[in-house]
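Here are the chains, one letter per residue:
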Amino acid sequence: KQWYQRRVRAPSGAWIDGDLEKWEITETVIDGISSLSTLTITNSTTADQGIYTCDFEFAGNPTPNILEDTVEFKTRFASSEQKMISASDADSAVEMTCTLTGSEVQDSVTWMKDDRQLEEGGSVIITTTSNQSILKLENPTAREHNGMYTCKFNFEEEPSMSPTAEVELSLPSTAEDESEVDGSDDMDTDSQSWNSVAVTLLIICLISIGINIALLVGYCLTVRKRSADKPMSTVNTNTGAE
């Protein structure tokens, strides 16, 4: 039977007008019969989640048949923030917080730094609740900790829709950081110098070995030539009497 009217009701109970800016209702026609109605929600928020109802009225009977179908719309959003904690000049920390909003509870949370997964331990402390995860870095330095941090709320159901949030950490460089960099450069320079010395010594050794081999070969050839040029003595032995 071909239906002649369809209506979509929002979770609030109000009927949705397909011409509204936020909602768009489209139809898919198969073999000349409209068989699918799609509701698209743009710029959705947590206020849009809930049960949506679609009513189809069919013609062909004295009393139109009404078919009702419901769809649950869920939202998953992740937001992030960053703050510094300074207890003293020698004791400081940075906290990065990710918050999950929506109608569901995450299964787990993953923290990444520049595409490398972070593990809790040492100066890295991760605290996670049902809808929030806090990454705490104790005594952070610009050289070791600056970069892009990403938190991901993992869902076993429809994992491709697991939301993520990013926090960029940009701490100012300190004199200690700069000294470590300078020290690293000095070590690289010293290493290059020692490598040059080693290569030079190796070349000298190879040249010395080559010279000794050449002298030995020349000496052997000289001895052989002298032996070949030396005349051989003949000894005559008489065994009978005249």
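Residues numbered from 1 in each chain as written. Predicted model: local features only at pLDDT ≥ 70, side-chain atom pairs only at ≥ 80, totals over all residues. Heavy atoms only, no water.

**Regarding the pattern of salt bridges**
Then step 1. On inspection of all chains with the given rule, the structure shows 4 salt bridges.
Then step 2. The shortest N-O distance in the salt bridge between Lys74 and Glu104 comes to 3.7 Å. Taken together, the residues span a long stretch of sequence, with Lys74 in the loop between strand S5 (65–73) and strand S6 (76–86) and Glu104 in the loop between strand S7 (92–102) and strand S8 (108–113) at a distance of 30 residues.
Then step 3. Its relative accessible area of 34% is what places Lys74 among the partly exposed residues.
Then step 4. Residues Glu95 and Lys83 are paired through a salt bridge, measuring 4.0 Å at the closest nitrogen-oxygen approach. A residue pair is termed long-range when its members are at least 10 positions apart, and Glu95 in strand S7 and Lys83 in strand S6 qualify at 12 residues.
Then step 5. Among the residues examined, Lys83 registers a relative accessible area of 48% and is labelled partly exposed. (Salt bridge = Lys/Arg side-chain N within 4 Å of Asp/Glu carboxyl O. Helix = DSSP H or I, 4+ residues; strand = E, 2+ residues; numbered from the N terminus. Buried < 20%, exposed > 50% of the residue type's maximum accessible area, 1.4 Å probe, protein only.)

**Topic: the packing of aromatic side chains**
Then step 1. Tallying each qualifying case throughout the model produces 1 aromatic pair.
Then step 2. Aromatic pair Tyr52 and Phe73: ring centres 6.2 Å apart, planes at 85°, arrangement edge-to-face. Placement of Tyr52 in strand S4 (residues 50–58) and of Phe73 in strand S5 is noted, with a sequence separation of 21 residues between them.
Then step 3. Lying over the aromatic face of Phe155, Arg76 brings its terminal NZ or CZ to 3.9 Å of the ring centre. (Phe/Tyr/Trp six-rings, centres within 6.5 Å; stacked < 30°, edge-to-face > 60°. Lys NZ or Arg CZ within 6 Å of the ring centre and 35° of its normal.)

**As for the confidence of the model for the protein chain**
Then step 1. Per-residue pLDDT for the protein chain has a mean of 74; in total, 61% of the residues score no lower than 70.
Then step 2. Taken together, the stretch residues 232–242 has pLDDT below 50 and engages in 0 contacts with residues farther than four places along the chain or on a different chain. (pLDDT = per-residue confidence, 0-100. Contact = heavy atoms within 4.5 Å.)

**With respect to the nonpolar core**
Most often, soluble globular proteins keep nonpolar side chains buried together rather than apart.
Then step 1. If you look at the biggest cluster of nonpolar residues, it comprises 18 residues, and the most contacted ones within it are Met96, Trp111, Leu135, Leu137 and Tyr149.
Then step 2. Elements supplying a minimum of two residues to this core: S7, strand S11 (132–138), strand S12 (147–154) and strand S13 (164–169).
Then step 3. Per-element tally for this core: the top contributor is S7, with 4 residues.
Then step 4. Among residues more than four places away in sequence, those in contact with Tyr149 are Met96, Trp111, Met112, Lys113, Leu118, Leu135, Leu137, Ala165, Glu166, Val167 and Leu169. (Core = buried A, V, L, I, M, F, W, Y, C linked by side-chain atoms within 4.5 Å.)

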